[in-house]
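# Structure at a glance
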Amino acid sequence: MDDQENEGVRPARAADVPAVRAVTDAAYRPYIERIGVVPRPMEADHEADVAAGRVFVTADPVVGLVVVEEFADHLFLDSVAVHPAAHGTGVGRRLLRFVETRARELGLGEIRLYTNAMMWENRRIYPKYGYELVERRVDGPYDRIHYRKLLG
């Protein structure tokens, strides 16, 4: 992967786990009251995700990250987290571009993700980046909006 192409996004290392946890918690904590449950990314096993190579972070300092999982026919974007202090600085945009690059490098033509229906900010953002609504589905306590992006 070319660092310039991916604008400072790199695989997370074990030493990044505390920052991954801190950024994830800061990014998702504001949603707890709104959705009535702790967002699933806050309960993730960050150590295991980093060890498995699923977490990619912004260059030092870590102010943003993505968690992705490769499947046979798509790349699943499990989480995007940007520290609130970095909102509006282009970190999220760089991370979404990185995910597209990563999917292409893996030979995958589709990215899938979901967001909580009560996270309306995300529901406005993803379509701007070419993601299309696939379905709305309730999974346990989570009311999720599923999206996909086909890569040309």
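Above: the structure in question.
Attention here is on the structure that accompanies the text. Since the structure is predicted, the reported quantities are computational estimates derived from the model, not experimental observations.

To continue, consider the packing of aromatic side chains. For the structure shown, the criterion picks out 4 aromatic pairs. Ring centres 5.4 Å apart and planes at 45° place the aromatic pair F76 and Y114 in the tilted group. Residue F76 is located in strand 4 (residues 75-82), and its partner Y114 is located in strand 5 (residues 110-116); the two are separated by 38 residues in the primary sequence. Taking relative accessible area as the criterion, F76 reaches 14% and is therefore assigned buried. Centroid distance Y126 to Y147: 5.8 Å. Interplanar angle 50°. Geometry classified as tilted. Taken together, the residues Y126 in helix 5 (residues 120-128) and Y147 in strand 7 (residues 142-150) connect sequence positions 21 residues apart. The exposure class of Y126 is buried, given its relative accessible area of 9%.

What follows covers the layout of surface pockets. One number sums up the size of the largest pocket: a volume of about 800 Å³. Considering the residues around the largest pocket, the lining is formed by 36 residues, among which Y31, V80, N122, I125 and Y126 are closest to the centre. For the lining of the largest pocket, the secondary-structure elements that each account for two or more residues are helix 1 (17-28), helix 2 (31-35), strand 4, helix 4 (91-105), strand 5, helix 5 and strand 7. Ranked by residues supplied to the lining of the largest pocket, first place goes to strand 4 with 6 residues. A breakdown of the residues in the lining of the largest pocket according to their chemical character gives 22 nonpolar, 9 polar and 5 charged.

The mixed open sheet is built from 7 strands, whose spatial order is 1-2-3-4-5-7-6. This sheet does not close on itself; its edge strands, each paired only once, are strand 1 (9-11) and strand 6 (132-139). The average undirected angle you get between the axes of adjacent strands in this sheet is 30°. As paired strands, strand 4 and strand 5 are joined by 3 bridges and run parallel to one another. Each bridged residue has a counterpart across the sheet, and for F76 the counterpart in strand 5 is R112. Seen against the sheet, helix 1 touches strand 2 (55-58), strand 3 (64-70) and strand 4 and runs at an angle of roughly 80° to strand 4.

Take the pattern of salt bridges next. Applying the stated criterion across every chain yields a total of 16 salt bridges. Linking R40 and D78 is a salt bridge whose minimum nitrogen-to-oxygen distance equals 2.3 Å. Here R40, found in the loop between helix 2 and helix 3 (46-51), pairs with D78, found in strand 4; they are 38 residues apart in sequence, far enough to count as distant. Across the salt bridge formed by E100 and K149, the nearest N and O atoms sit 2.4 Å from each other. You can see E100 sitting in helix 4 and its partner K149 sitting in strand 7, a full 49 residues away along the chain. Here E100 matches K149 in class, with each residue buried. By sharing partners, the salt bridges in this structure join E135, R137, D139 and R144 into a single network.

Thresholds, definitions, all that
The numbers attached to residues start from 1 for each chain and follow its sequence in the written order. Two thresholds apply to this predicted model, a pLDDT of at least 70 for residue-level local features and 80 or more for giving and counting side-chain atom pairs, whereas whole-chain, interface and lining totals are computed over all residues. In computing side-chain properties, one takes all heavy atoms of the structure into account and sets aside hydrogens as well as water. Working definition: a ring pair exists when centres of Phe, Tyr or Trp rings (six-membered ring for Trp) sit within 6.5 Å. Plane angles under 30 degrees give stacked, over 60 give edge-to-face, the rest tilted. The helix count covers DSSP runs of H or I at least four residues long, the strand count covers runs of E at least two residues long, and both are numbered beginning at the N terminus. Working definition: with a 1.4 Å probe on protein chains only, accessible area under 20% of the residue-type maximum means buried, over 50% means exposed, and in between means partly exposed. In this analysis a 1.4 Å probe is tested at points of a 1 Å grid over the protein atoms alone, and where it fits but cannot get out there is a cavity; an open set with protein on both sides within 12 Å along at least five of seven lines is a pocket; lining residues have an atom within 4 Å of a point. Grid points are joined across faces, edges and corners, and a volume is the space filled by probe spheres set on the points. Three classes are used, and their members are as follows: Ala, Val, Leu, Ile, Met, Phe, Trp, Tyr, Cys and Pro are nonpolar, Asp, Glu, Lys and Arg are charged, and the others, Gly among them, are polar. Paired strands, as defined in this entry, are two strands with at least two bridges between them according to DSSP. Helix axes are fitted to C-alpha atoms over the stretch in contact, other axes to C-alpha atoms as well, and angles between N-to-C directions run from 0 to 180 degrees. Residues are treated as being in contact if the distance between any of their heavy atoms lies within 4.5 Å. Here, a salt bridge means any side-chain nitrogen of Lys or Arg that lies within 4 Å of a carboxyl oxygen of Asp or Glu.

Keep in mind these values describe shape, not function.
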